[in-house]
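Here is how the chains run, residue by residue.
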Amino acid sequence: MTEAPIPLQNIGQLGSRSNYNNSTDSNRIKSSMDGAVIKASVLCALLLVGFFLILLCIFPNLSYIRYDEVGFKKNSFTNDVDESEAHGMGVYFWGFYNSPIVFPATFRSLKFKLNVASKTGLNFELNVDIFYRLSSKNLPKIFRKLGRSYEARFRDSIKAAVKNTAVKFTVDEFIEQRVNISKSMRHTVNEEFEIYGLEVEPHKFLVQEVHFPYQLKNKFLNTAVQQLRNEQAELQQKIDQVTKETERLTEEIRKNITLVYNSASAKYNNDVIKAKSEATTTKQESLSDGLKLVFDALTTDGTKLSKENRENILKYYTIIDNENLKVIEGGSNIRINMNAKK
């Protein structure tokens with residue numbers, strides 16, 4: 001079955017209706033998109049406003065504690081302080097109406113110029129320096145017992161401890177044993193601080209200066225001078241003793257040297273005399289033996305030499321043996337000088 005053709009005039013009407021419908025749909029789509037954009041923009045604006053409101057509520061209520069501080073949480077509306085925990089450096093959000101109450105966390109120094117008494121009742125001036133530090137451990141005890149006026153109470157406790165310890169020592173001990181006195185004072189102070197959980201370290205308790213009265217200074221000065229003089233006298237006495245002993249030893253050594261020299265000289269002389277004596281004896285014995293040999297050699301046929309010949313031979317040997325013998329020639333005469341020296 002075939003469709004009937006559409007007249008030309010009806011085709012124009014159909015085109016105009018189609019364009020109208022498309023324009024209407026476009027307007028509707030555009031209107032719906034504009035509404036969605038508006039809703040999204042409003043929602044974003046509300047979210048930003050809410051975010052900024054939250055920030056405005058949070059930031060003013062953030063609490064800051066610096067590196068050199070330690071503190072508690074305090075309700076600014078009721079003025080109540082939470083003493084259960086001390087907080088160190090950091091950023092905290094404790095909610096509305098809460099802020100920190102802070103204390104110094106670095107070392108604090110307390111300087112004292114005290115008038116104390118010694119064991120003998122002498123009054124003098126003592127300078128003491130003490131360093132202490134608050135921490136998150138000891139601050140709750142200190143604040144709970146003393147509040148914010150803790151430093152004034154510390155001063156009173158330290159003054160009492162130093163004065164009560166000073167009366168246990170004499171003036172001489174303050175001069176000669178100041179280190180031990182400082183240890184004793186620090187021990188007494190730490191006993192007072194024990195209830196607060198606070199302790200002064202050994203190198204943080206310093207006894208700086210001791211100012212004695214002028215008369216006492218002169219007394220100690222005179223004593224020191226006299227002590228130096230006594231030491232000088234003792235030293236001079238020792239020097240004199242050493243000098244005297246040195247002289248004695250020197251004299252003894254000199255005597256020993258003389259004695260050894262004399263002994264050696266005597267032994268030498270004795271040895272020389274003995275040697276000469278032995279040499280003379282040997283010489284005489286040799287001479288006697290030689291003369292005997294001569295006499296025996298001159299004996300002929302068993303005939304002994306006459307007494308005269310023997311005497312002449314002995315005379316000749318005596319002349320020859322004389323050390324001072326000197327022969328003087330004078331022409332045909334020969335003269336022998338037996339007393340001449342070489």
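These figures come from a predicted structure and were not determined experimentally.

*Asks:* Quick question: what am I supposed to make of the packing of aromatic side chains here?
*Replies:* Each aromatic ring pair is characterised by the separation of its centres together with the angle its planes make. A complete count under the given rule lists 13 aromatic pairs for this structure. Here Tyr-150 and Phe-154 contribute two aromatic rings whose centre-to-centre distance is 5.7 Å and whose plane-to-plane angle is 65°, an arrangement assigned as edge-to-face. Separated by 4 residues within a single helix, Tyr-150 and Phe-154 lie in helix α3 (residues 150–166), roughly one turn from each other. Summarising the burial analysis for this pair, Tyr-150 and Phe-154 share the class buried. Counting every residue linked through ring pairs, the aromatic cluster contains Phe-72, Phe-103, Tyr-132, Phe-143, Tyr-150, Phe-154, Phe-193 and Tyr-196.

*Asks:* How should I be thinking about the sheet that holds strand β5 (residues 98–104) in this particular structure?
*Replies:* Two pairing modes exist for strands in a sheet, parallel and antiparallel, and in both the strands are linked by backbone hydrogen bonds. Across the sheet, which stays open at both edges, the 3 strands sit in the order β3-β2-β5 with antiparallel pairing between neighbours. Among the strands making up the open sheet, the edge pair consists of β3 (81–87) and β5. Each strand axis lies, on average, 30° off the axis of its neighbour in the sheet, ignoring direction. Pairing analysis gives 7 bridges linking strand β2 (residues 69–75) to β5, with the strands arranged antiparallel. Along β5, the bridge assignment pairs Glu-69 with Pro-104. Running at roughly 155° to β3, helix α2 (residues 139–146) makes contact with β2, β3 and β5 of the sheet.

The rules behind each value
- In every chain, residue numbers begin from 1 and rise along the written sequence.
- For this predicted model, a pLDDT threshold of at least 70 governs which residues receive local features, and a threshold of 80 or more governs which side-chain atom pairs are given and counted, while totals over whole chains, interfaces and linings are taken from all residues.
- In computing side-chain properties, one takes all heavy atoms of the structure into account and sets aside hydrogens as well as water.
- Pairing of aromatic rings covers Phe, Tyr and Trp, the last through its six-membered ring, and needs centres within 6.5 Å; plane angles under 30 degrees mean stacked, over 60 mean edge-to-face, and all others mean tilted.
- Per the convention used, a helix needs a DSSP run of H or I reaching at least four residues, while a strand needs a run of E reaching at least two, with both numbered from the N terminus.
- Buried residues are those whose accessible area, probed at 1.4 Å on protein chains only, stays under 20% of the maximum for their type, while exposed residues exceed 50% and partly exposed ones sit between those limits.
- At least two bridges found by DSSP between two strands are what make those strands a pair.
- Inter-axis angles, ranging from 0 to 180 degrees, are taken between N-to-C directions of lines fitted to C-alpha atoms, where helices are fitted over the stretch in contact.
- It only takes one pair of heavy atoms within 4.5 Å for two residues to be counted as in contact.

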